[in-house]
Each structure stands twice: as C-alpha cells, then as structure tokens.
Amino acid sequence: MLKTAKIFAAVFFGLAVMMLPIGVASVQCHQASRAEQATTVGTAADPGSKKGSPSRISPSAPTTPTARMLARRMGSESWEKLLKRLAIVNSDIATRGIRPFPGTTDKLLTGYHYNEYYDWDLYFENVYLTYFGVTEYCFTNLKMFLDREEPDGYVNRSLIKQRDRQHFKPFLAQLAVMGTKMRGDDYEWARDKYYDRLRKYIERWFAYDGDHNGLPVWNSADHSGMDNQWSRAGALGAFEVEGVDLACYLVRELRAMAIIAGKLGKRVDKEAYLKHAARLGKLINDVFWDEQDGFYYDRNEKKTQRVKVKSVAAFMPLWAGVATPRRARRIVKEHLLNDKEFWLKYPIASYAKTEPDYYQGSRNECNWRGSTWMPTNYMVFHGLINYGFKAVARELADRTFRMVLEENTVTREYYNAETGAGVGQTQFWGFSVLGYVMPLELELGYDPTNLETRYKPVVTQHLRVQFPNEHGSTLSRRSN
C-alpha cells in the first residue's frame, strides 16, 4: 500500500479515470431486491411518453464543451451507460418516489421503495432534482414536517415512524433556501407561519445541551444518520455526544436562517443568526480539534472528554467552512488520504480502518462502520473544492463515479469501500444518485450546497437528460 505522503502527492498531480468492470452486489440493508430495469433511449425529450416509461434522453452525442470533455474522459461505453442509468433513476423517482400522502393534496418525495420519509435524505434528494430545475419537493415535504412541529419546536426526523426524541437533523432551513432561490428568491411563503416554525426548530436544537457549553448533542448514532456508529455517537437515548457533524450542520443552518431572515426584512434576527454561526464555528475548533492527532473528534459531554473514534464526521468542518487552512491541510493529508484509515479503494470509508469495530458489508444493519455513503462523500467533495484541494476532489469524484456506475448494475444505498460492491437497498433512487453527477459538478465549478448558488438545471443543459413528471411530461424548470 502507498504511504500517505505518496498518495497525497499523486492526487495532486491528478490520477486518470479508470473504468473497471461492472460488479454485482447482493447484500441488503432493508430487505429489497430487483433486477435492473430496461431503459428506452429516445431521440429527444418526449412530453408524450407514457406514464412509467423512463425519462427520455436526446441523442447521446455530447453537445457542450463540458459534456464532450467528460465523454472523452470516461469513454463512449461509460457515457452511454451513464445516460441510461440517469434515465432509469429519473423514471424511478417520477413514478415510484413521488407519492400521495394522507392529509395533503400535495405529493411528497422519497428515495425509498417502502413508505418512509427521512430528514437529511430529503435534502440530498432535492439537491439531485435541482439538476433538472425541479423545485416542488423542496416545499411539500418541508411543510409536512413543519406542520407536525410540536409546541417546543421538536420535529420528528421521519414522517411515518415516531422516533423517541430524534429531532430533524439540521437541514430544513438549507432546504428552504435551496427551493426558494430556484423560485425567484421570494420568501413570502414563509412569513406568516413557516419562518416562526423554523426559528423554533433551530432553538429546539440548542436545548439539547446538558452542560450549556453551546454544543448540542445527538440522541444517538441512529439519530446522527450514521446508524451503527455507537462507539462514536452513543446508544439510543444516550444524549451524551456533542457531534462534530451536528455542530457543522448547525453552522450552515444558522447561516441559512440568516438568509431567510434578511429576505423577510428581519435584520435583528439576521445578525443574531450570523453571530451565532460564528460562535459555533469557533467552538468547533476550540472543543473538537485535537492538535496532537490533527483530527476533529466528537466530545462526550457527560464524561467531559473527547471521543477518540475516527469517523468521517471529522471532515464536516471542511463542508461548513470552519476549519482553518492549516487544520484542513493536516486532516486531509494525515487522515483523509491515509490508505490505512479513510482513503481505501473506493473512499471515503465512514470509519477509519484502524478502528476496532470497523467492517465492510452488512450484519443485518445499515453499516456506517467502514462503508462508503454518498451523503458524506458529497459533502466532503465540496468541502475539498472550497479549500483548494481540487485534485483530491477530482480523484474522489472519479472513484465515486466508477463505484456507482461501473461496479454496480443498479443504484445502491451504500457501498463496500474496499471493493465498490453495493450494499443495502437495491430498489433505491435516493441520495446515492449524486455520485453520477459529481464529475460534472467539478468541471462546472458548480455547488448546489452553497447557500449563495445560482441554481441551474446542469444535467438537462449538459447531458440533455430530462426529468419526467408522473404523467410522462417534463416538469417546468427555472434557473436564476
């Protein structure tokens, strides 16, 4: 295996994209299986196609300079495969992932074949839809969750299963900003009710702070979304671990609330949110950073000590933009690119390989103790770009792309970091689909998670793939 320093040097010179044979995976997280659907490749976007047919794609020859460059890099076979896979994904979302829900005439979005709707999943699912200019589902799910808010601001993190005190992860305000920027930047929809509900939801997060140091805690590993990282984030109902990831999501959420408040003319609120975000960013560096190890560790507030477990959560300060340049360099060079920790064949491993409870595959659970998951890959990818590690980001995008497209015949829920084999859901059109578009985002310098982004339907523009609605026609698309 390469030494860390050699890996670091290699990625900065840029490694070529390698296209590996397609792999077949069968281990599952949530009891599901199906063969890859057949796809129909059309000659143009076809508003008259029948319900249930895949989204139609235009002639496969790339037409923009960026698309031509990508096609050359990946080769014609992978280019065609990508277009077909996107058509399948879009058809699945349109016909199976957009569903009616009791109590509303609006339809809701989910990436799962079973009837459940989750918190950060909703954010990443809608990031993907921005590639096609689709905005509806930034609002329908958001309003449904906020309409169920309890008087103290608590919002359950899933719509169907009522989880004991697992507050919606800090992504609602970011979702609201994303959707609203795509609809003319008009926040009047939030003025009468939803701004106040978002405010209470944020305040509720900071009530989960038993030692009053300004850093709230996760209920558990399950609450964090990294389901079985118990050695890092605690057992169900523990309420003891101040998460690096949680604090970073909250920094971004506070900044999103500042944007909303400013657009509604609430200048005092805007300044308060920005100051709170700055204080929280300082706490992340003061409390979580370990200078000796060059790593951001979570902290157990009950034991008043850091949790010395190396998790992918440590890289979230890059995405939140709160790491200093020196600390960013250290954590990338010493840990992210360390092939004995996180930089495995298909990075980023969710636990360092050096952790005693690291493993690949699944033991009848959603495994975050080593597997590669798209939400964290995607956030770290954009964090790397923001800190100037473009060569590392390119290598991450290329390996992720090969993993989702070449090593698997269908989109999977998560992946074996050592082999690229898919694990978990086989009927899945959720957050993993972001892996198909990371190379395009890199070439365009496009970041839909940036709160100041001018959203564009980049996949429609450059790959000429359309998104169908449930009736087979293309949804209306707007870009700023």
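Details of the structure are given in the entry above.
Residues numbered from 1 in each chain as written. Predicted model: local features only at pLDDT ≥ 70, side-chain atom pairs only at ≥ 80, totals over all residues. Heavy atoms only, no water.

A. Structural context of the overall build of the chain. Across its full length, the chain carries 18 helices and 9 strands. Across the 480 residues of the chain, 62% fall into the buried class. Of all intrachain contacts in the chain linking residues separated by at least 6 positions in sequence, the fraction that spans at least 24 positions is 68%. Roughly 17500 Å² of accessible area belongs to the chain as shown, and the carbon and sulfur atoms make up 50% of that amount. (Helix = DSSP H or I, 4+ residues; strand = E, 2+ residues; numbered from the N terminus. Buried < 20%, exposed > 50% of the residue type's maximum accessible area, 1.4 Å probe, protein only. Contact = heavy atoms within 4.5 Å. Areas by Shrake-Rupley, 256 points an atom, 1.4 Å probe, with all protein chains shown as cover.)

B. View of helix H2 (residues 65–74). Taken together, the buried positions of H2 are occupied by Thr-66, Ala-67, Met-69, Leu-70, Ala-71 and Met-74. On its buried face, H2 sits against helix H3 (76–97), helix H16 (390–406), helix H17 (438–444) and helix H18 (458–463). Just downstream of H2, Gly-75 is the residue with a positive phi angle, here 90°.

C. Representation of the packing of helix H5 (residues 136–147) against helix H6 (residues 172–181). Running from N to C, H5 and H6 point in directions that differ by 145°, and their axes come no closer than 9 Å. Relative to H6, H5 is oriented so that their crossing is left-handed. Contact residues: Cys-138, Phe-139, Leu-142 and Leu-146 in H5; Leu-172, Leu-175, Ala-176, Met-178, Gly-179 and Thr-180 in H6. Across the contact of H5 with H6, the residue classes tally to 8 nonpolar, 2 polar and no charged. (Axes fitted to C-alpha atoms, helices over the stretch in contact; angles between N-to-C directions. Left-handed = near helix turned anticlockwise from the far one by under 90°. Nonpolar A, V, L, I, M, F, W, Y, C, P; charged D, E, K, R; others polar.)

D. Structural view of the side chain of Thr-372. Considering the arrangement of structural elements, one finds Thr-372 in the loop between helix H14 (325–336) and helix H15 (374–386). Under the relative-accessibility criterion, Thr-372 is labelled buried at 0%. A polar atom in the side chain of Thr-372 sits 2.7 Å from the backbone oxygen of Tyr-346. In this structure the side chain of Thr-372 is engaged in a polar contact, spanning 3.4 Å, whose partner is the backbone oxygen of Ile-348. Once residues lying within four places of it in the same chain are set aside, the contact partners of Thr-372 are Tyr-346, Pro-347, Ile-348, Ala-349, Asn-377, Met-403, Tyr-414, Tyr-415 and Ala-417. (Polar contact = N/O pair within 3.5 Å; in protein donor to acceptor, adjacent residues only side chain to side chain.)

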